[in-house]
Amino acid sequence: MKKLLKTVFLITLGIMIMAPFIYASTNSKGTACAIVSSKRGGFESEGDRAMQNAKNTYDSMGYNTLILKDPGALILYSNIIASKVQLYCCHGSSKHIEFPNGGLCIGNGNSYDGKTFYSIDNLDLSNAKLITLAACNTAGNGSSSWDSIAAKMMERGAQMTIGWYTEVNPFSMPDWLDNFHKEINNGYDPLTALNKACNNYWYMNDNVKNILFSYKTLSTLSNNSELQMKISEKNILKEKKLVKLTETEIENKIKENDLTFDVKDYKKQYSDGIYTLNGETNEIQHICSYIDYTLKIGDYITNSGYTVVLDKEENVQQIIDNTFSKKNLIITNRNNNNFLVSENDKNYYISAAKEKLEIKDKIIDENVEFYYDVNTSQKFANVTIKVEDKLSGFKLDTYVFKITD
């Protein structure tokens, strides 16, 4: 009986592994996959939208793309082997990625809480051109790591991988993925595309910029193989060379561009930014870090501001104007009572988020931020709850509530 079950398992696994190759036979570039977890946090609809946009991009480049939601571990295992371009949007850690029905890991495979995790340690992943692990800590715990699952996938043969070395908020990740795939679709190679996705767009949670890009070669999704930053058309820095500026000098440069700029009206956020791992030299290199100035209206942050790009020596590379037209902003109402938040307001939305939690007795931390979309004039409360998890240490659950005055 055991021998029969083992035979059935191997046949099933073989079919699953070969299916994508058979599917790819009519297309010279092969298959791509965009795989999302319904339990990743944030809006499920936004995760679905990001997968569809990824599919549209991969299809436009000549791949046959499958969108999967909550697949079993065997399906994940078959796609990691067979698909040339792969996107996983889910929970994760430096050792694994996790879907409701199982996942992939480094080290020994295991079963946990009814889920099966297959190890990638003995796989040949040289078929893969690009693997994106859009999940917390897939490139390290607080710093970029050779021992992370993203780096190990490159070590096992993948030409390029993208992972995050900090926790990432599931509310901002779909937006980052949309912008990344938009730039891929514009013809940029993945490294340039992720640079532009970090530089030229606003995110409520800047931890989506904490990326490790691991690579053997860069000749995958485009012909551009140069390892360099691209200057944004929205760069307001007049100097043609790198300059060392204090934060006060940076703010004076912004003031020259916008006479109404007052740093007291902005939330200042710092991101360690982008690292690269060269698979041929084993070198981890710090490419850039960020200072983001996000406009505030009362106690609300907005999706308007400036992004400062620094190189590894903290020279200013670019100061990018990511603001919106002043006609869209309520400049005269920054202290309006409609944009002030009380402790009761904070507690109300945190309590509302806790009501949606499946497990309420393992909360590690909770936070709420209020923001105002200057394009739609809509207010939101964004609640992030960190909960204990035996496998990864923690998971982030994010809940967004629309606010009506």
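From a predicted model like this one, the values you see are computed outputs, not experimental measurements.

Engineer: An account of the overall build of the protein chain is requested, with residue identities and associated values reported.
Structural biologist: Within the protein chain one finds 8 helices and 18 strands. Scored against the burial criterion, the 405 residues of the protein chain give a buried share of 55%. Long-range pairs, those at least 24 residues apart, make up 66% of the contacts in the protein chain between residues at least 6 apart in sequence. Working note: accessible area of the protein chain is about 17,800 Å², and carbon and sulfur atoms make up 48% of it.

Engineer: Tell me about the environment of F180, residues and numbers included.
Structural biologist: Within the secondary structure layout, F180 lies in helix 5 (residues 173-185). Taking the C-alpha atoms as reference points, F180 and K196, 16 residues apart in sequence, are found 7.5 Å from one another.

Engineer: Describe the environment of I359, listing the residues and the values that go with them.
Structural biologist: Assignment of secondary structure puts I359 in the loop between helix 8 (343-356) and strand 16 (363-373). For I359, a relative accessible area of 49% gives the class partly exposed. The sequence separation of I359 and V387 amounts to 28 residues, and the corresponding C-alpha distance is 8.2 Å.

Engineer: Which residues make up the side chain of K196, and what are the values?
Structural biologist: Position of K196 among the secondary structure elements: in helix 6 (residues 190-199). Classification of K196 as buried rests on a relative accessible area of 8%. With residues near it in sequence (within four places) discarded, K196 still touches E183, Y188, Y201 and E233.

Engineer: Can you lay out the pairing of strand 10 (residues 160-164) for me, pointing to particular residues and giving the numbers?
Structural biologist: Of all 5 residues making up strand 10, 5 are buried, and the element is well covered by its neighbours. A two-sided burial pattern is seen for strand 10, the buried positions comprising M160, I162 and W164 on one face and T161 and G163 on the other. Strand direction decides the pairing type here: strand 9 (residues 130-134) and strand 10, joined by 3 bridges, are parallel. Within strand 10, the residue paired with I131 across the bridge is T161. Where strand 10 meets strand 11 (residues 211-215), 5 bridges bridge the pair, whose relative direction is antiparallel. Bridge assignment links G163 to a residue of strand 11, and that residue is L212.

Engineer: Any chance you could break down the packing of helix 5 against helix 6 for me, citing the residues and the numbers?
Structural biologist: The relative placement of two packed helices is expressed as an angle between their axes plus a distance between the axes. At a minimum axis separation of 8 Å, helix 5 and helix 6 run at an interaxial angle of 135°. Of the possible angle classes, the one that applies to helix 5 and helix 6 is oblique. When you trace helix 5 past helix 6, the crossing you get is right-handed. When helix 5 is examined against helix 6, the residues W176, N179, F180, E183 and I184 are found in contact with a partner set consisting of P190, A193, L194, K196, A197 and C198.

Engineer: Residue-level account of the pattern of salt bridges, with values.
Structural biologist: Summed over the entire model, instances satisfying the criterion amount to 19 salt bridges. As a salt-bridge pair, R49 and D178 come within 2.7 Å of each other at their nearest N and O atoms. With R49 in helix 2 (residues 44-60) and D178 in helix 5, this residue pair connects regions lying 129 residues apart in the sequence. Its salt-bridge partner being K209, residue D292 comes within 2.9 Å of it at the nearest N-O pair. With D292 in strand 13 (residues 283-297) and K209 in the loop between helix 6 and strand 11, this pair connects stretches of sequence that are 83 residues apart. Taken individually, D292 and K209 each receive the classification buried, so the pair is uniform in this respect. One connected set of salt bridges, linked through shared partners, spans E98, K115, D389 and K395.

Engineer: Give me the lowdown on empty space enclosed by the protein, citing residues and values where you can.
Structural biologist: Summed over all chains, the structure comprises 2 cavities of 30 Å³ or more. Reported here for the largest cavity is a volume of approximately 90 Å³. Every residue along the wall of the largest cavity is listed here: R40, C89, C90, H91, G92, A134, A135, C136, V168, P170, M173 and L396. When the residues that make up the lining of the largest cavity are grouped by side-chain class, the tally is 9 nonpolar, 2 polar and 1 charged. Taken together, Y201, W202, Y203, D206, K209, D292, Y293, T294, G305, Y306, T307 and N322 make up the lining of the second largest cavity. Looking at the lining of the second largest cavity, the elements with two or more residues in it are strand 13 and strand 14 (300-310). Classifying every residue of the lining of the second largest cavity gives 5 nonpolar, 4 polar and 3 charged.

Engineer: Could you give me a rundown of the layout of surface pockets, with the residues and numbers involved?
Structural biologist: Approximately 720 Å³ is the volume found for the largest pocket. Considering the residues around the largest pocket, the lining is formed by 26 residues, among which K39, E358, I359, K395 and D397 are closest to the centre. Elements that contribute at least two residues to the lining of the largest pocket include exactly strand 5 (96-99), strand 17 (378-389) and strand 18 (393-403). If one sorts the elements of the lining of the largest pocket by residue count, strand 18 sits on top with 4 residues. Grouping the constituent residues of the lining of the largest pocket by class yields 7 nonpolar, 6 polar and 13 charged. The calculated volume of the second largest pocket comes to roughly 460 Å³. Taken together, 20 residues line the second largest pocket, and the ones lying closest to its centre are D175, W202, N303, D373 and N375. Counting only elements with at least two residues in the lining of the second largest pocket, the list comes to helix 2, helix 5, strand 15 (316-322) and strand 16. Of the residues that constitute the lining of the second largest pocket, the class distribution is 7 nonpolar, 6 polar and 7 charged.

The rules behind each value
Residues numbered from 1 in each chain as written. Predicted model: local features only at pLDDT ≥ 70, side-chain atom pairs only at ≥ 80, totals over all residues. Heavy atoms only, no water. Helix = DSSP H or I, 4+ residues; strand = E, 2+ residues; numbered from the N terminus. Buried < 20%, exposed > 50% of the residue type's maximum accessible area, 1.4 Å probe, protein only. Contact = heavy atoms within 4.5 Å. Areas by Shrake-Rupley, 256 points an atom, 1.4 Å probe, with all protein chains shown as cover. Pairing = 2+ DSSP bridges. Axes fitted to C-alpha atoms, helices over the stretch in contact; angles between N-to-C directions. Parallel < 35°, antiparallel > 145°, perpendicular 65-115°, else oblique. Left-handed = near helix turned anticlockwise from the far one by under 90°. Salt bridge = Lys/Arg side-chain N within 4 Å of Asp/Glu carboxyl O. 1 Å grid on protein atoms, 1.4 Å probe; cavity = no way out; pocket = protein on both sides within 12 Å on 5 of 7 lines; lining within 4 Å. Points joined across faces, edges and corners; volume = space filled by probe spheres on them. Nonpolar A, V, L, I, M, F, W, Y, C, P; charged D, E, K, R; others polar.

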